[in-house]
Structures are given as structure tokens and as C-alpha cells.
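The primary structure of each chain is shown beneath.
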Amino acid sequence: MIKVGVLGAKGRMGALTCVAVEEAAGCELVAQLDQGDSLDVLTEAGAEVVVDFTRPEVVMDNLAWCIEHGVHAVVGTTGFDDARLATLRDQLAKSPSTGVLIAPNFSIGAVLMMRFAAQAAQYYESVEIIELHHPDKVDAPSGTARRTAELIADARREAGSGPIPDATTTALDGARGADVEGIRVHGVRLRGLIAHQEVLFGDEGETLTIRHDSMARVSFMAGVLLGVRRIGDAPGLTVGLEHFMDLS
Ligand SMILES: NC(=O)C1=CN([C@@H]2O[C@H](COP(=O)(O)OP(=O)(O)OC[C@H]3O[C@@H](n4cnc5c(N)ncnc54)[C@H](O)[C@@H]3O)[C@@H](O)[C@H]2O)C=CC1
Ligand SMILES: O=C(O)C1=N[C@H](C(=O)O)C[C@H](O)C1
């Protein structure tokens, strides 16, 4: 049995994760912590893997604690940039048997969307990303959109693609979205939505749109459980659930 603790257990994702872990074969839910609870409960309960669905402003402290105590972490919380990932690598170097998975999106379809977008990137002159979420989401752009933009930018660099054409010389602030490594990312917040993304590609005479929709948060649970089951055998830092999937 893998002993699992959940951080952010009273939140939208954390609460669902507690149910999924309780129902999962081979997993035992040993701790459910939320804001104000002491992380020491995790060691008292014997947690081997922690799932973090908290907030960008607290997740680094949670991970520092997990790494220091040799507890593996499966992280859905957003807000990871290169500087944060470098900090985690430094911390993990001092605890070499501990594993941390940072997954911008646990939905299998979203992982495939990112993969397909990276594959398509070299063939199109233009690309823009639209992410659409529920209005209670605290960060923008989404972690998924950021990661997609990074993957597309990497693919374009590798292919030697030029800059994306855009003749705009005057615009209201924000009218062209955020710039993530040269890729424009637009954010929509709308009651009724959960988590959705479109990647739009364009070239002479044609466009290609890759769209993914999470219609319910249960769509993230298979990926969370995959992470929980695999992280103990993956010491160090893993970024992206695709590394635990067979996408060859
Ligand atoms: N990677 C993925 O597939 C997904 C990632 N997310 C991300 O997960 C995060 C949480 O999302 P939601 O569940 O919608 O947010 P939420 O606001 O419903 O839940 C966050 C919970 O964390 C708790 N919390 C805050 N500080 C804490 C601390 N220091 N220790 C323990 N708990 C603490 C809050 O009280 C709250 O209950 C966000 O960053 C979101 O973008 C959300 C959905 C899927
Ligand atoms: O806050 C959310 O809801 C989600 N957050 C993640 C993100 O920022 O990409 C994953 C998914 O989009 C849902």
C-alpha cells in the first residue's frame, strides 16, 4: 500500500483527490491537510507520497518540507517557472532518493494536446493559445498554457522558425494577450467552464485548431493516481505527466 497525504484537502482538487485515493487499489489515504495544519502530521501518519493542490504562493514551502523529510511529491499546483524548478533541483540533489513530479495538467487529453501542439509547431508560421477556465482560478495564464507555449517555442527554435508575424503597432494593454517566450496566450474566465484550451495554428490558406476540454475535475484523477503510483520509482525532478505515459 502507498501511504498518501493530500495538501489542500479542502479545495476543489484536493477534496476530489482524497476520494480518488481512498477508492484506489494499492493506495491508503493517511493525511488530509489544509491551510493552518502542521506538515508534521505527514510524518506522524507515515505518508510516503504527498499530493499538493494548494496555491502558487505556498507550494514551494510545502515541497521544501517534503524533500527535506524524504517524502515524494506529486504536484498539481501551478506557478512553476525556470527559477522555481532550479530551486527544486538544488534541494533534490541533497535528497537523491526523493521524487517530485510537477504536472501542469493531469488530464490525459491535455497531455496529448500539448504533445500534438509541439508536433505541429514546426509546420505553421502563426500560433496563438487561448486558455479558458472557471472564474475562481487564481492564476493567469494557466500552467497548462504556459507549458504549451514553452513546448511550442522549443519546437520552433529547433526547427529554425522565424518570428510569428504580427503587424500590430498600437493596441490597448492586454489586447494581444501575454507573451510567453514569443507565443501569445489569451485567458478567458467564465462561469460554467472548468478547464479548456485551444491552440490555433495558421499558415497560407489553412488553419489547424487543437482543443481540449475538461468538463469535470474527475478528468484529472487518473493522472494523479498514475503520478502517485510512479513517483516512488522516479527520484529527482520530473516535469510533465507524459514522462510516466507511453507516448512512443
Ligand atoms: N495540474 C492539474 O491538472 C491541475 C492543477 N490545478 C491547480 O491546483 C491548484 C489548486 O486548485 P483548486 O483546487 O481549484 O484551488 P482551491 O482554491 O479550491 O484549493 C486550494 C486549497 O489549498 C488550501 N491551502 C492554501 N494554503 C495551504 C497550505 N499552506 N497548506 C495546505 N493547504 C493550503 C486552501 O485552503 C484550499 O482549500 C491551483 O494552482 C490550480 O491551478 C487545478 C486543477 C488541475
Ligand atoms: O485551476 C485550474 O482549474 C486548473 N489549473 C491547471 C492550469 O493552470 O493549467 C490545470 C487545469 O487547466 C485546471
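Predicted, not measured: the structure shown is a model, and the values here were computed from it. In every chain, residue numbers begin from 1 and rise along the written sequence. Naming scheme: in the order in which they are written, chains are lettered from A and ligands are numbered from 1. Totals for whole chains, interfaces and linings use all residues, but because this is a predicted model, local features are given only for residues with pLDDT of at least 70 and pairs of side-chain atoms are given and counted only at 80 or more. Only hydrogens and water are set aside; all other atoms, that is, all heavy atoms of the structure, feed into the side-chain values.

Participant: Would you mind going over the UniProt feature "domain: Dihydrodipicolinate reductase C-terminal" (unreviewed entry) in the chain with me for this structure?
Facilitator: In this structure's numbering, the residues bearing the UniProt feature "domain: Dihydrodipicolinate reductase C-terminal" (unreviewed entry) are residues 109-244. Going along the chain from the N terminus, every DSSP run of H or I of four or more residues is numbered as a helix, and every run of E of two or more is numbered as a strand. Split by type, residues 109-244 is 29% helix and 29% strand. Its first and last C-alpha atoms lie 14 Å apart. UniProt positions are given in the numbering used here, feature names are shortened, and annotations may be inferred rather than shown by experiment.

Participant: Could you clarify how one ought to interpret the sheet that holds strand E6 (residues 126-133) in this entry?
Facilitator: Strand pairing in a sheet relies on backbone hydrogen bonds. The paired strands run either parallel or antiparallel. Should DSSP find at least two bridges between two strands, the strands are taken to pair. Taken together, five strands build an open sheet; the order of strands is E7-E8-E6-E9-E10 and the sheet is mixed. Strand pairing shows two members of the sheet lacking a second neighbour, strand E7 (178-180) and strand E10 (206-214), which therefore form its edges. Adjacent strand axes in the sheet meet at a mean angle of 25°, parallel and antiparallel pairs treated alike. In this analysis, two residues are considered to be in contact whenever any of their non-hydrogen atoms come within 4.5 Å of each other. Inter-axis angles, ranging from 0 to 180 degrees, are taken between N-to-C directions of lines fitted to C-alpha atoms, where helices are fitted over the stretch in contact. Lying on the sheet, helix H5 (residues 108-120) is in contact with strand E9 (195-203) and E10; it crosses E10 at an angle near 165°. With respect to the sheet, helix H6 (residues 143-159) is in contact with E6, E7, strand E8 (183-189) and E9, its orientation differing from that of E6 by roughly 170°.

Participant: Can you walk me through the packing of aromatic side chains in this structure?
Facilitator: For any pair of aromatic rings, the description rests on two quantities: the centre-to-centre distance and the angle between the ring planes. Two rings belonging to Phe, Tyr or Trp (six-membered ring only in the last case) form a pair when the distance between their centres is within 6.5 Å. Interplanar angles under 30 degrees mark stacking, angles over 60 mark edge-to-face geometry, and anything in between is tilted. On inspection of all chains with the given rule, the structure shows two aromatic pairs. Ring geometry for Phe53 versus Phe106: centroids 5.7 Å apart, planes at 65°, classification edge-to-face. Remark: Phe106 occurs in the loop between strand E5 (99-102) and H5 and Phe53 occurs in the loop between strand E3 (49-52) and helix H3 (56-68); sequence separation between them is 53 residues. For the pair Phe53 and Phe106, one class covers both residues: buried. Taking the centre distance of 5.4 Å and the plane angle of 40° together, the rings of Tyr124 and Phe201 count as tilted. Of this pair, Tyr124 sits in the loop between H5 and E6 while Phe201 sits in strand E9, and the two are 77 residues apart along the sequence. Considered together, Tyr124 and Phe201 belong to a single accessibility category, that of buried residues. Charge over a ring is defined by NZ of Lys or CZ of Arg lying within 6 Å of the ring centre and within 35 degrees of the ring normal. Here Arg84 stacks its cationic end above the ring of Phe80, 6.0 Å away from the centre of that ring. Partly exposed residues are those whose accessible area sits between 20% and 50% of the maximum for their type, while under 20% is buried and over 50% is exposed, using a 1.4 Å probe and protein chains only.

Participant: Please clarify how H3 should be interpreted in this entry.
Facilitator: What sets the pattern is the α-helix's 3.6 residues per turn: residues three or four places apart point alike. What H3 keeps buried is the set Pro56, Val59, Met60, Asn62, Leu63, Trp65, Cys66 and Ile67. Looking at the buried side of H3, the elements it contacts are strand E1 (2-7), helix H2 (40-44), E3, strand E4 (72-75), helix H4 (82-93) and E5. Phi for Gly70, located one or two positions after H3, is positive at around 65°.

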